[in-house]
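Architecture at a glance
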Amino acid sequence: MLSGSRNDALKFRGTQYNASLIASDEPVSCPTHNYNTFVVSRQPLIIYIENFLSPEESKHLLDISDDKFEPSTVTSGNPDDVSIRENIRVSESALLERDDIVRCIEHRARAFQGWNPYLNIERLRTQRYTAGGYYKHHYDWNEGPQRSENRITTFNVYVQGDCEGGGTEFPRIKTPDTKKGRWCEFLECEDNSGEGEELEERMGVTFKAIGGNAIFWENLSPDGTGYEETWHSGMPVKSGTKVGLNIWSWGIARR
Ligand SMILES: O=C(O)CCC(=O)C(=O)O
Ligand SMILES: [Fe+2]
């Protein structure tokens, strides 16, 4: 049974409801999470999550994806406009069956966002890149009317990061102070010893592909416009294999 608030959320979604948007609030018994969080940016909100997936969950996602991978597509947002465009994106994607482990990952993504009843999760997909694979700079949000449904948030989860290259780059985000804390474990850091005063000015962040870890960000500002700062790319994989997991939450901007 859906709760009252879920009914409201479904009503709100109206005609756009389809089987690819799910809420994952069925009763599931899930392990408690074991992640650490690090704030990369407050506006737009970008949070780095260490150990979002356990090694067992990552292995399971790889196992259930393996025979489902198909060439990845791109779309303008219009369901009739979906195509393979190798000048934009070279990878393979797999739509995941919703078994209990997958449902617990959906559940974790909703819990992370405070169980917002107006948020619906798109069916999870893994994405595999081998040497030469990449995803050019893009936004995850669709341009369109500010108050219509959109991908309000993204979790870009690394399921497997056994590769050279393949980081996720955000050129318009201010570089954190990489001399402090653990940033250089997670980010590509230039060797910049001694140039402390330049840190204020530096732009751009590239997250390393580290299996189990994730980047979470908000795509929309409170008025419903997409954040230009969320422009990002999957950098070319030079060798090895990278597998990501996309968790997109649909809704409207903060109400
Ligand atoms: O693979 C990456 O690093 C980025 C993937 C991405 O941006 C996407 O799938 O929308
Ligand atoms: Fe993306």
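Once a new chain begins, its residue numbering starts again from 1 and follows that chain's sequence as written. Here chains are named by letter from A upward and ligands by number from 1 upward, in the order in which they appear as written. Reporting of local features is limited, given that this is a predicted model, to residues whose pLDDT is at least 70; pairs of side-chain atoms are given and counted only at 80 or more, and all residues count toward the totals for whole chains, interfaces and linings.

This part is about the site of ligand 1. Contact assignment follows one rule, namely that a residue is near a molecule or strand if its backbone-placed C-beta atom lies within 6 Å of it. The local shell around ligand 1 consists of Q127, Y135, D140, N156, T168, H232, G234, G244 and N246. Secondary structure elements are defined from DSSP: runs of H or I of at least 4 residues count as helices, runs of E of at least 2 residues count as strands, and each element is numbered from the N terminus. Elements with a contribution of two residues or more to the shell around ligand 1: β16 (232–234) and β17 (237–251). Of the residues belonging to the shell around ligand 1, the class tally is one nonpolar, seven polar and one charged. Side-chain classes are defined by residue name, with Ala, Val, Leu, Ile, Met, Phe, Trp, Tyr, Cys and Pro counting as nonpolar, Asp, Glu, Lys and Arg as charged, and the others, Gly among them, as polar.

Attention now moves to helix α2 (residues 55–65). What α2 keeps buried is the set E57, S58, L61 and S65. The arc enclosing the buried residues of α2, seen along the axis, measures out at 100°, which places them on a common side. The exposed residues of α2 that point more than 90 degrees off its buried face are P55, E56 and D63. Two residues form a contact once the distance between their C-beta atoms, set from the backbone, is within 7 Å. Among the structural elements, β8 (92–95), α3 (100–112), β10 (125–129), β12 (150–165) and β17 are those in contact with the buried residues of α2. Any residue surrounded by 20 or more other C-beta atoms within 10 Å of its C-beta is treated as buried, while 12 or fewer makes it exposed and the intermediate range makes it partly exposed; C-beta atoms here are placed from the backbone. Think of it as the arc spanned by the lines of direction from the helix axis to the C-beta atoms.

Pairing between strands is defined by DSSP: at least two bridges between the two strands are required. Pairing is antiparallel in the open sheet, where five strands are placed in the order β7-β11-β16-β13-β14. Each having just a single partner strand, β7 (89–90) and β14 (203–207) make up the two edges of the open sheet. Bridge count between strand β13 (residues 168–174) and β14: four bridges; the pairing is antiparallel. The partner of T168 across the bridge, within β14, is F207.

Now for unusual backbone geometry. Note the cis peptide between Q43 and P44, where omega equals 0°. In this structure, P44 sits in the loop between β2 (36–42) and β3 (45–50). Positioned with a positive phi, N51 is a non-glycine residue whose angle comes to about 60°. Its place among the elements puts N51 in the loop between β3 and α2. Residues other than glycine seldom take positive phi values, yet W115 does so here, at roughly 55°.

Everything listed here is a matter of coordinates, which is why it stays silent on function.
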